[in-house]
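Spelled out from the first residue to the last, the chains are:
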Amino acid sequence: KLSDRLAKVCEFVPNGAIVADIGSDHAYLPAWLILNNKITTAVAGEVVKGPYESACHLVKSLGLEDQITVRLANGLEAVKPEDNVTAVTIAGMGGSLISEILDRGYEKDILSGKERLILQPNIGERTLRLWLQDHSYEIIAEDMLEEDGKFYEVIVAEKATEAPTYTEKELQFGPFLLSNQTPVFKAKWADELEQKEYVLKQLKAAKGDQSAKIEKMTQLKTWIEELI
Ligand code: SAM
């Protein structure tokens with residue numbers, strides 16, 4: 001059984017997509033999509049040898065070698081033009097690492113702009129949204145879930161003709177998540193509020209000039225208090 005987190009990512013993969021799953025680890029995500037007849041072809045990219053071998057092993061044991069190509073490569077370098085990838089999934093990493101992977105793919109022209117990006121950052125969602133905005137990707141959907149006491153956000157984006165302009169609050173909380181506040185959303189931010197209060201206390205007691213950090217944290221705390 002696939003984790004709820006990866007299942008949520010799969011929900012946003014269009015039927016029949018050609019998927020590149022970057023940082024695929026065991027290749028659970030592409031394997032699940034194929035076994036459930038959502039897609040027929042995928043690339044699983046891994047930069048680390050151990051997980052790459054796990055992916056090869058799973059693909060072989062399921063007899064999916066013709067459908068899933070496993071490649072040992074850094075980020076989007078796992079994708080070749082002839083793959084004609086239509087959806088890229090990057091899950092289970094920090095938002096800044098996901099942004100770096102996208103950035104390298106963008107700079108190297110690996111991203112054609114035609115593929116849907118389905119991203120699941122564990123942290124650093126704001127950084128990722130900022131990258132998307134700066135590179136004219138429009139967020140077309142978002143979702144959030146809780147699994148094993150952790151909160152996860154899924155961000156879906158597609159290339160737009162014009163760069164979207166998100167407000168600071170939308171970058172922080174997510175434009176879709178903000179406009180449709182679910183109980184999970186409120187629970188995440190209630191948790192975050194507690195953490196921010198703790199950090200703020202530490203900052204106020206710390207030596208040196210912490211005023212910039214305190215100001216940023218206080219702003220965020222006020223926003224969260226307004227939300228929940
Ligand atoms: N995507 C899977 C998931 O969500 O369950 C696996 C997440 S796992 C925590 C992150 C994986 O990304 C690791 O297997 C790691 O080796 C891989 N990874 C990290 N940086 C990468 C990069 N630049 N290119 C490809 N894979 C990368």
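Residues numbered from 1 in each chain as written. Predicted model: local features only at pLDDT ≥ 70, side-chain atom pairs only at ≥ 80, totals over all residues. Heavy atoms only, no water.

### Some thoughts on the site of the ligand
Quick reminder of the rule: Residues are counted as near a molecule or strand when any one of their heavy atoms sits within 4 Å of it. The term polar contact refers here to a pair of N or O atoms within 3.5 Å; inside protein, the definition further demands a hydrogen-donor-capable atom paired with an acceptor-capable atom, and it admits residues adjacent in sequence only when both atoms are side-chain atoms. In this description a helix means any DSSP run of H or I spanning at least four residues, a strand means any run of E spanning at least two, and both kinds are numbered starting from the N terminus. Here the nonpolar group is Ala, Val, Leu, Ile, Met, Phe, Trp, Tyr, Cys and Pro; Asp, Glu, Lys and Arg are the charged ones; every other residue, Gly included, is treated as polar.
Around the ligand, the surrounding shell holds 17 residues, and the nearest of these are Arg5, Gly23, Glu46, Asn74 and Gly75. Between the ligand and Val47 there is a distance of 3.5 Å, counted from a nitrogen atom to a backbone nitrogen or oxygen. Mapped onto the shell around the ligand, the elements with two or more residues apiece are helix H1 (4–11), strand S4 (87–93) and helix H4 (95–107). A per-class count over the shell around the ligand returns 9 nonpolar, 4 polar and 4 charged.

### Quick word on the pairing of strand S7 (residues 150–159)
Note the threshold: Exposed residues in this analysis have more than 50% of their type's maximum accessible area, buried residues have under 20%, and partly exposed residues fall in between, with area computed by a 1.4 Å probe over protein chains only. Paired strands, in this sense, are two strands between which DSSP finds at least two bridges.
Of all 10 residues in S7, 7 are buried, a share of seventy percent or more. As paired strands, strand S6 (residues 137–147) and S7 are joined by 10 bridges and run antiparallel to one another. Bridge pairing in S7 links Glu138 to Glu158. As consecutive antiparallel partners, S6 and S7 are separated by 2 residues, and within that stretch Asp148 has a phi angle of approximately 50°, a positive value.

### Some words on the domain arrangement of the protein
Defined as follows: The domain boundaries here were taken from an automatic or database domain assignment. Residue contacts are counted whenever heavy atoms from the two residues lie within 4.5 Å of one another. The term buried area means the drop in 1.4 Å probe accessible area that two parts suffer when joined, counted for both and summed. Any carboxyl oxygen of Asp or Glu within 4 Å of a side-chain nitrogen of Lys or Arg constitutes a salt bridge here.
Under the domain assignment used here, the protein contains domain 1 (4–164) and domain 2 (185–227). Centre-to-centre separation of domain 1 and domain 2, based on C-alpha positions: 32 Å. Contact residues are listed per partner, giving 4 residues for domain 1 and 5 residues for domain 2. Buried area between domain 1 and domain 2, both sides added, is near 380 Å², and the carbon and sulfur share of it is 67%. The largest share of the area that domain 1 buries against domain 2 comes from Met144, Phe151 and Glu153, three residues that together contribute 90% of it. On inspection of domain 1 and its partner domain 2, the count reaches 2 salt bridges. Salt-bridge contacts for Lys188 lead to Glu125; the nearest nitrogen and oxygen are separated by 3.5 Å. Linking domain 1 with domain 2 are 1 residue pair in polar contact (both at pLDDT 80 or more).

### What about helix H8 (residues 183–205)?
Let me state the cut-off plainly: Helix span, expected: 1.5 Å multiplied by one less than the number of residues in the helix.
Across its 23 residues, H8 extends 34 Å between first and last C-alpha, which sits within 8% of the 33 Å expected from 1.5 Å per residue. Among all positions in H8, only Phe185, Lys188, Trp189, Glu192, Leu193, Lys196, Leu200 and Leu203 are buried. Contact partners of the buried residues in H8: helix H5 (125–134), S6, S7, helix H6 (168–173), helix H7 (175–179) and helix H9 (211–227).

### Comments concerning the pattern of salt bridges
Within this structure, the stated rule accounts for 15 salt bridges. Of the charged contacts, one joins Asp143 and Lys8 as a salt bridge, the two residues approaching to 3.1 Å between their closest N and O atoms. One end of the pair, Asp143, is in strand S6; the other, Lys8, is in helix H1, with 135 residues separating them in the sequence. Note that Lys108 and Glu77 form a salt bridge whose closest N and O atoms lie 3.8 Å from each other. Note that Lys108 is positioned in the loop between H4 and strand S5 (116–121) and Glu77 in the loop between strand S3 (68–72) and S4, a separation of 31 residues in sequence. Given a relative accessible area of 35%, Glu77 falls into the partly exposed group.

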